[in-house]
Amino acid sequence: MLNGLIHAHSGLRWIVLALVIIAILQCVPAWNKGKAWTESKRKLVMYAMIFMHIQVVIGLILYFMSPKVQFGEGFMQNAQLRFFAVEHIVLMLLAAVFVTIGYVRAKRKPTDIERFKSIFWFYLIGLLVLIAGIPWPFRGLGAAWF
């Protein structure tokens, strides 16, 4: 079960990244050209948020099951243990919070331009935090591309 969750969490990261990037990229031309906030655009940003939340739930399950998360004497001096026990979870929760705030604020905005701006800025901040918190293979934290 643990191995399946790890693979689901690693694979779902690509879907989350793609959805958040697409949501961000659709906002700039839409707000610059004054395009309408359509149902398809609303669904795209909502799916990005939903998949982010699914990723967080899987991550929280893994947090309590994974051998990479260890608390003990000296774990803060070990970069890999510190990353998975503290940095990864904090950054991912922050990314999910930014995406959620962006979606909720966009729903409450009175104009389409304001909706697109809200999604753009909050999803962009969420994306940057997300990228910073992913254990990329080149960081030497014991994670793979998939």
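Quick note: structure is the one above.
So, how was this worked out
- Residues numbered from 1 in each chain as written.
- Predicted model: local features only at pLDDT ≥ 70, side-chain atom pairs only at ≥ 80, totals over all residues.
- Heavy atoms only, no water.
- Helix = DSSP H or I, 4+ residues; strand = E, 2+ residues; numbered from the N terminus.
- Buried < 20%, exposed > 50% of the residue type's maximum accessible area, 1.4 Å probe, protein only.
- Polar contact = N/O pair within 3.5 Å; in protein donor to acceptor, adjacent residues only side chain to side chain.
- Contact = heavy atoms within 4.5 Å.
- Salt bridge = Lys/Arg side-chain N within 4 Å of Asp/Glu carboxyl O.
- Patch = residues over 30% accessible without salt bridge, like charges linked within 9 Å, V, L, I, M, F, W, Y side chains within 5 Å.
- Areas by Shrake-Rupley, 256 points an atom, 1.4 Å probe, with all protein chains shown as cover.
- Axes fitted to C-alpha atoms, helices over the stretch in contact; angles between N-to-C directions.
- Parallel < 35°, antiparallel > 145°, perpendicular 65-115°, else oblique.
- Nonpolar A, V, L, I, M, F, W, Y, C, P; charged D, E, K, R; others polar.
- Core = buried A, V, L, I, M, F, W, Y, C linked by side-chain atoms within 4.5 Å.
- Left-handed = near helix turned anticlockwise from the far one by under 90°.

A. Geometry of the side chain of R115. Here R115 is to be found in helix α4 (residues 112-133). In this structure R115 comes out as buried when scored by relative accessible area, which is 18%. Only 2.8 Å separates the side chain of R115 from the side chain of D112, close enough to count as a polar contact. When residues no more than four places from it in sequence are discounted, the contact partners of R115 are W37, A106, K107 and K109.

B. Here's a closer look at the pattern of salt bridges. Applying the stated criterion across every chain, the model contains 3 salt bridges. Residue E39 pairs with R42 through a salt bridge whose shortest N-O separation is 2.5 Å. Of the two residues, E39 and R42 both sit in helix α2 (residues 39-65), 3 residues apart, roughly one turn of that helix. The residue R82 makes a salt bridge to E87 at a minimum N-O spacing of 2.7 Å. Its relative accessible area of 24% is what places R82 among the partly exposed residues.

C. Molecular detail of the environment of I24. Positionally, I24 belongs in helix α1 (residues 2-32). Taking the C-alpha atoms as reference points, I24 and W136, 112 residues apart in sequence, are found 22 Å from one another. In this view, I24 contacts F120, Y123, L124 and L127; residues no more than four positions away in its chain are not counted.

D. A look at a nonpolar patch on the surface. A surface patch of nonpolar side chains, about 400 Å² in accessible area, is lined by M1, V57, I61 and M65. Mapped onto the elements, I61 comes out in helix α2.

E. Seen up close, the packing of helix α3 (residues 79-108) against α4. The interhelical angle for the contact between α3 and α4, taken along N-to-C directions, is 170°, at an axis separation of 8 Å. With respect to their mutual orientation, α3 and α4 come out roughly antiparallel. Here the residues of the contact of α3 with α4 sort into 17 nonpolar, 5 polar and 3 charged.

F. Spotlight on the nonpolar core. Grouped together as the largest cluster of nonpolar side chains are 36 residues, with contacts concentrated most on V20, V45, M52, I119, Y123 and L130. Counting residues per element, this core draws most heavily on α1, at 11 residues. Ignoring any residue separated from it by four or fewer positions in sequence, one finds Y123 in contact with V20, A23, I24, V45, A48, M49, V99, G102, Y103 and S118.

G. Structural view of the packing of α2 against α4. Two elements in contact, α2 and α4, have axes whose closest approach is 12 Å; the angle formed by their N-to-C orientations is 25°. By the angle between their directions, the pair α2 and α4 is classed as roughly parallel. As α2 runs across α4, the sense of the crossing is left-handed. Residues K41, V45, A48, M49 and M52 of α2 pack against F116, I119, Y123 and L130 of α4. For the contact of α2 with α4, the per-class residue count stands at 8 nonpolar, no polar and 1 charged.

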